[in-house]
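Breakdown of the fold
Here is how the chains run, residue by residue.
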Amino acid sequence: MNDLLYLTALPASLALLSLFIRDVKLTRKLVPVLIWWQLGIVALVLHPCLINGQRMEFTSGLAVDKMGTYFILLATFVVSCCITHADYFFAAAEAHGDAYEDQQLRLFYASVNLFLLAMTSVFLCDNLGYLWIAIEATTLSSAPLVYFEKNKFALEATWKYLIVCSVGIAFALLGTVFIFAASQRGTLAVPTLNISELISQAQTLNFPLLRLGFIFCLIGYGTKAGIFPLHTWLPDAHAESPAPASAMLSGSLLNCALFGIWKVSSIINAAQPHSHVHQLVAILGTVTVVAASLLLLRQHNFKRLWAYSSIENVGLMVFAIGLGSGPLFFLQALNHSLAKVALFLLTGNIIQASGTKKLNKMHGVIEDCPIWALLVTLAAFAVTGAPPFGAFVAEMSMLSLSMTDERWALALIMTVAIAISFVAICAHVGKVILGPAKQGFKKFQPIRASIIPALLVLGTLVLGLVVNTEAWSGPWSMIK
Amino acid sequence: MILDTFEALAMVAAIFAILILGTTHLRTNLSFYSLHTMAIAAVTAWIASITHEDHLYLVAAGVFIIKSCSIPWFLNSVIKKINVGTDGGAFIAAPLSMHLGALMLGLSFMISQQIPGLIGEADSRLGSTAAMSILFSGVLLMLTRRAAISQIVGFLVIENGIYLFAVTQTHGMPLMIEMGLLLEVLVAVMVAGLLLFNIKKSFEHIDVSQLTELKD
């Protein structure tokens, strides 16, 4: 119980503090430092779980396993990076003469802390009901981040985000009710929503109801994750929120919804391995990747480009979940988060300096700022899964796993789709980076704005070089 | 067929949900929503008295206070402030969509016999019929109405349908979860209500079908 307090106290109190501190400049410096501190606290509290892989139980319904620990660390890390960069982002906005109001910034910092709190609790949940509440809480706490710019576009994006995600996730609630009914009408007839109990007595659950519940949860949490036909909110929300917020949405929010899908799919996998309904997950992942790669070809907005690339990566992660491989799911999520956060932050820099989001108005960033051009290129390679970056290892292992799993047709389609998205992203980024400079850059600080993205790109590069497939499936297979 | 009292109450809730479909007058919509939720709170209390699960009384009280009093009151004050009386226009005319809703009730009865696993002796078929019909009414409301506030009501009706399903089929989820859900719905409505103010302020209407600026 005490551990739980340590994990949540800092973000909760920071959320309150940032509303009441009068001097926003102080908040801008203080919050990043304390969120990095929070990363340390999380690592310290959860280290038994991290080292020995032992499950930590806090109270009934709240527990964390190794996978959850890694995801909490990733989410906190992403938020700390973004909030550190946000200080530069707001300073640059001030320097360009379109400073934000103090009240706006206070709300921003308060929402970020609530958002972090909600995301941390998602990974602490060992109960499907709590999981639903926590995931809906991430939607509500991030809505002010999407609405940050307070213009018509932001308003439209926020409205869509709130309505589409809330209704989508309502279906996950229906799925949760079905799973609860499945436990009541099983052979043991012990009503429970506790995920570890559900997994341990999975064989005794009422399978038809469980299957129904699984499908509804998949659709519901899938809407939040942005799988293909239900992705409509995602590009809007990512493109209209300020760069640090888009980075957080893409780098940590999507992981929460995918974690929900992972939990539910591990229940149905325990009940009946290789059931037909579970095959659906891998197929849904493939469809998402194919659709996203085709949509990537025709993009006009720099941030929407990365939003669609996020949808593609969500497809890959759903595919990994469909293969039943937890380690690969996390590896893909980790690499995607690192590279995508770097990309959104860099894109934010470029958009701020050039004053446009349109792809056809940007040319020759390499002349204006060579460092940014280099970093964008590297991060774009990283996010498309080119070697030697980390995502390559994950995608390669996924494809070879599905080959041995006799799902070679899916693997084949997936390979083609990944190739298309690679070409599409290279073409778009090439046009922005190369050639003579077309747009006049306003005053900017290239080094200070590149520290965080450079570290992230370096991180995914190191992951690609250090991690090999064997090591990944060895000690890590404990997660499974 | 003999109806249990709680099944009759669930049917009353379903009928109120269909009545919401029948008018585009927003305040009437909210009153119907309030009555509809009161019927659901009554179902919960009745089931609590049958099964002697005391925590359900608390849930019933929560549903009554939060969902059938606070939320309609809040939304009422919002529409009073932004001065919008009726839904600008529905994609399907209100009487027609009400009849569609009645049709859906029949469809729900047929579907409720098909749900695998829910065909035991103890399961209330009419309870799940009502729940599903409410769910469909909510979806219909969201699909056919243009005003942002109708979308919120639609979401609330969908949520009520799911809640009624949980109450009639599983006799309610654990107390902590039910309370969490209530709180979540309340916060969601507050956030949506605040957004509604801003939509009215910047667009001078609350017609969500005209929010189409963002595309690829």
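Shown above is the structure to which this text applies.
Attention in this report is confined to the structure presented alongside it. Computed from a predicted structure; not experimentally measured. (Residues numbered from 1 in each chain as written. Chains lettered and ligands numbered in written order. Predicted model: local features only at pLDDT ≥ 70, side-chain atom pairs only at ≥ 80, totals over all residues.)

**Some thoughts on the overall build of chain A**
Along its length, chain A carries 20 helices and two strands. For chain A, the C-alpha radius of gyration of 21 Å lies close to 23 Å, the compact-globule estimate for 480 residues. In terms of principal-axis extent, the alpha carbons of chain A reach across some 70 × 50 × 40 Å. Split into buried and exposed, the 480 residues of chain A put 61% on the buried side. Taking contacts inside chain A between residues at least 6 apart in sequence as the whole, the part at least 24 apart equals 80%. (Helix = DSSP H or I, 4+ residues; strand = E, 2+ residues; numbered from the N terminus. Rg over C-alpha atoms; globule rule 2.2 N^0.38 Å. Buried ≥ 20, exposed ≤ 12 C-beta atoms within 10 Å, placed from the backbone. Contact = placed C-beta atoms within 7 Å.)

**Things to note about the packing of helix α4 (residues 94-112) of chain B against helix α5 (residues 125-144) of chain B**
All names here are of chain B. The contact between α4 and α5 brings their axes to 8 Å, and the two run at 140 degrees. Regarding α4 and α5, the two cross each other, and that crossing is right-handed. Where α4 abuts α5, its residues Ser 97, Leu 100, Gly 101, Met 104, Leu 105, Ser 108, Phe 109, Ile 111 and Ser 112 lie against Arg 125, Ser 128, Thr 129, Met 132, Ser 133, Phe 136, Ser 137, Leu 140 and Thr 144. The residue inventory of the contact of α4 with α5, partitioned by class, reads eight nonpolar, nine polar and one charged. (Axes fitted to C-alpha atoms, helices over the stretch in contact; angles between N-to-C directions. Left-handed = near helix turned anticlockwise from the far one by under 90°. Nonpolar A, V, L, I, M, F, W, Y, C, P; charged D, E, K, R; others polar.)

**Here we look at the interface of chain A and chain B**
Counting residues at the interface gives 38 residues for chain A, matched by 34 residues for chain B. Those elements giving two or more residues to the side of chain A that touches chain B turn out to be α6 (128-146), α7 (152-184) and α9 (207-225) of chain A. Here the side of chain A that touches chain B gets 19 residues from one element, more than from any other, and that element is α7(A).

**As for the pairing of strand β1 (residues 56-59) of chain A**
Pairing analysis gives three bridges linking β1(A) to strand β2 (residues 62-64) of chain A, with the strands arranged antiparallel. Each residue of the ladder has a partner; that of Thr59(A), found in β2(A), is Leu62(A). (Pairing = 2+ DSSP bridges.)

**Quick word on helix α19 (residues 446-466) of chain A**
All names here are of chain A. Here α19 is 21 residues long and its end C-alpha atoms lie 29 Å apart, about the 30 Å a rise of 1.5 Å per residue gives. The axis of α19 is deflected most strongly, by about 35 degrees, at Ile 452, and proline Pro 453 appears within four residues downstream. On the buried face of α19, the contacting elements are α4 (66-95), α14 (326-354), α16 (370-384) and α17 (390-404). (Expected span 1.5 Å × (residues − 1). Bend = angle between axes of the 7 residues up to and from the residue.)

**A look at the nonpolar core**
The biggest cluster of nonpolar side chains holds 254 residues, and the ones touching the most others in it are Leu258(A), Ala342(A), Ala379(A), Ala13(B), Val43(B) and Leu164(B). Broken down by element, this core gets its largest block of residues, 21 residues, from α7(A). When residues no more than four places from it in sequence are discounted, the contact partners of Val43(B) are Phe6(B), Leu9(B), Ala10(B), Ala13(B), Leu164(B) and Val167(B). (Core = buried A, V, L, I, M, F, W, Y, C linked by C-beta atoms within 7 Å.)

**Looking at helix α18 (residues 408-433) of chain A**
All names here are of chain A. The end-to-end C-alpha distance of α18 is 37 Å, a good match for the 38 Å that 26 residues give at a rise of 1.5 Å each. Every buried residue of α18 is accounted for by Leu 410, Ala 411, Met 414, Ala 417, Ile 418, Ser 421, Ala 424, Ile 425, His 428, Val 429, Val 432 and Ile 433. Along its buried surface, α18 packs onto α12 (276-297), α13 (302-322), α15 (365-368), α16 and α17. Backbone geometry just downstream of α18 places Gly 435 in the positive-phi region, at approximately 90 degrees.

**Digging into the environment of Asn113(A)**
Residues and elements named next belong to chain A. Along the chain, Asn 113 turns up in helix α5 (residues 102-124). Spatially, the C-alpha atom of Asn 113 lies 5.0 Å from that of Pro 11, the residues being 102 residues apart in sequence. Residues in contact with Asn 113, not counting those within four places in the same chain, are Pro 11, Leu 14, Ala 15 and Ser 18.

**Quick notes on the packing of helix α11 (residues 243-271) of chain A against α14(A)**
All names here are of chain A. At a minimum axis separation of 7 Å, α11 and α14 run at an interaxial angle of 165 degrees. Classified by the interaxial angle, the pair formed by α11 and α14 is roughly antiparallel. Crossing handedness for the pair α11 and α14: right-handed. Residue-level contacts link Ala 243, Pro 244, Ser 246, Ala 247, Ser 250, Gly 251, Ser 252, Asn 255, Leu 258 and Trp 262 of α11 to Gly 326, Phe 329, Ala 333, Ser 337, Lys 340, Val 341, Phe 344, Leu 345, Thr 347 and Gly 348 of α14. Across the contact of α11 with α14, the residue classes break down as 10 nonpolar, nine polar and one charged. (Parallel < 35°, antiparallel > 145°, perpendicular 65-115°, else oblique.)

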